[in-house]
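Per-entry structural report
Residue-level listing of the chains:
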Amino acid sequence: MKNIYSNIFKFNKNTLSKTLKYLKRNNIVGLPTETVYGLAGNAYSKRSIQKIYSLKKRPKINPLIIHYYNLKSLSDDVEIGKNFLKLYKRLCPGPITFVMKKKKSSKICSLATANLNTVAVRFPSNKKTRAILSKLNFPLAIPSANKSAGISPVNAMDVAEEFKNKIKIIVDGGNSKIGIESTVIDLTERIVILRPGIISGKKISKILGRKVWIIKKHKKIKSPGALKKHYSPNIPMKLNQIKASKNHAFISFGKKHKNTKNTFNLSKKSNLDEAAKNLYKLFRKIKKLNYKKIYVAKIPNKGIGVAINDRLTHAAG
Ligand code: TXA
Ligand code: MG
């Protein structure tokens with residue numbers, strides 16, 4: 001059961017009850033989701049939320065996503081509208097986050113929403129994390145389990161390496177199925193995608209039968225996390241390249257490029273879903289190997305490729 005990290009636990013009855021106890025005492029745990037791993041804490045508790053911000057060294061202006069088990073508990077905290085219900089029926093639980101109006105009576109800690117009058121809400125599909133959510137009488141704030149602006153973790157070991165023994169429980173859920181963060185969509189005014197993900201604007205637009213906008217440049221902070229350098233291995237990165245000199249890492253896609261020692265292929269089969277799953281894994285690997293520069297091949301900008309290119313653009317600064 002124990003890994004080289006003694007805080008990584010296989011999911012079983014024992015782990016479940018220990019995790020629930022921890023969360024009820026307003027402690028923070030590492031949890032798997034279908035997108036990336038997160039740091040979870042009681043969204044109604046100021047103490048939990050403060051711990052999350054401090055562990056992540058996250059700027060207080062950047063709000064967290066609040067994770068629920070289902071609709072029942074949600075209606076206490078947010079104004080539920082027609083568009084949301086349509087999307088919920090078709091896509092949840094799953095990799096999509098909805099920004100909605102916060103109710104005045106909401107119990108969500110105001111620090112978790114950076115004092116905004118909106119809340120970002122998500123229903124993760126990972127079975128282990130759902131089992132945990134189903135047994136709590138509060139929702140969980142779960143940002144990605146990385147230090148602010150760093151690379152999101154896609155397995156339990158990534159989380160352990162990032163926070164060492166500062167977190168006492170990390171629930172092992174294997175590799176994240178999708179590998180990049182959820183689609184974030186704002187439903188409060190015009191319908192706008194704030195952060196692209198595996199669920200595309202096209203799909204959302206089809207379900208709603210109306211136009212969905214995609215955010216380009218932020219005038220006001222709408223999704224603060226999407227603003228600055230982000231998702232980054234903190235190594236200079238150049239996009240849309242055809243090769244790299246042999247001292248630098250080259251992230252390739254498909255079979256077009258030569259397979260040298262410094263080449264890291266996102267998907268030999270040119271499969272974009274596989275590429276998304278490999279993106280953060282390769283970032284971490286390249287960082288560990290101490291490369292000082294990363295060149296990246298052109299990635300097709302369709303399907304989840306849009307989200308991959310979004311993360312690459314942010315990582316490149
Ligand atoms: O897939 C995911 O969404 C993962 C897993 C763990 O669930 N979580 C995640 O959380 O990516 P985080 O904190 O790394 O990213 C949350 C994003 C940030 O860009 C933040 O600015 C935005 O959601 N956000 C949160 N609340 C918001 C709000 N009220 N209005 C607009 N954007 C918001
Ligand atoms: Mg994040």
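Structure shown above.
Residues numbered from 1 in each chain as written. Chains lettered and ligands numbered in written order. Predicted model: local features only at pLDDT ≥ 70, side-chain atom pairs only at ≥ 80, totals over all residues. Heavy atoms only, no water.

Notes on the side chain of N309
Residue position: N309 is located in helix 9 (residues 305-315). Judged by relative accessible area, N309 falls into the buried class, the value being 17%. A polar contact of 3.0 Å, which involves the side chain of N309, links it to the backbone oxygen of I299. In this structure the side chain of N309 is engaged in a polar contact, spanning 2.9 Å, whose partner is the side chain of N301. Ignoring any residue separated from it by four or fewer positions in sequence, one finds N309 in contact with I299, P300 and N301. (Helix = DSSP H or I, 4+ residues; strand = E, 2+ residues; numbered from the N terminus. Buried < 20%, exposed > 50% of the residue type's maximum accessible area, 1.4 Å probe, protein only. Polar contact = N/O pair within 3.5 Å; in protein donor to acceptor, adjacent residues only side chain to side chain. Contact = heavy atoms within 4.5 Å.)

Quick look at the nonpolar core
Counting 47 residues, the largest nonpolar core has F98, F123, I185 and I204 as the members making the most contacts within it. Breaking this core down by element, the ones donating at least two residues are helix 2 (46-56), helix 4 (82-91), strand 5 (96-101), strand 6 (118-122), helix 6 (156-163) and helix 7 (201-208). If sequence neighbours within four positions are ignored, I204 has contacts with L87, I96, T183, I185, I193, I199 and V212. Membership of the second largest hydrophobic core comes to 30 residues, among which are I235, L266, L282 and I299. (Core = buried A, V, L, I, M, F, W, Y, C linked by side-chain atoms within 4.5 Å.)

Some thoughts on the sheet that holds strand 15 (residues 294-296)
The four strands are arranged 12-15-13-14 in an open sheet whose pairing can be described as parallel. The open sheet has two edge strands, strand 12 (237-238) and strand 14 (263-265), and neither has a second partner. Relative to strand 15, strand 13 (residues 249-252) runs parallel, the two being bridged by three bridges. Residue pairing for strand 15: F250 is matched across the bridge by Y295. Here helix 8 (residues 272-288) sits on the sheet and contacts strand 12, strand 13, strand 14 and strand 15; the angle it forms with strand 14, its principal contact strand, is near 160°. (Pairing = 2+ DSSP bridges. Axes fitted to C-alpha atoms, helices over the stretch in contact; angles between N-to-C directions.)

Here we look at the packing of helix 8 against helix 9
One way to put it is that helix 8 packs onto helix 9 with a least axis distance of 9 Å and a crossing angle of 20°. In terms of orientation, helix 8 lies roughly parallel with respect to helix 9. The chirality of how helix 8 crosses helix 9 is left-handed. Seen from helix 8, the contacting residues are L272, A275, A276, L279, Y280 and F283; seen from helix 9, they are G305, I308, R311, L312 and A315. Among the residues forming the contact of helix 8 with helix 9, the class breakdown is nine nonpolar, one polar and one charged. (Parallel < 35°, antiparallel > 145°, perpendicular 65-115°, else oblique. Left-handed = near helix turned anticlockwise from the far one by under 90°. Nonpolar A, V, L, I, M, F, W, Y, C, P; charged D, E, K, R; others polar.)

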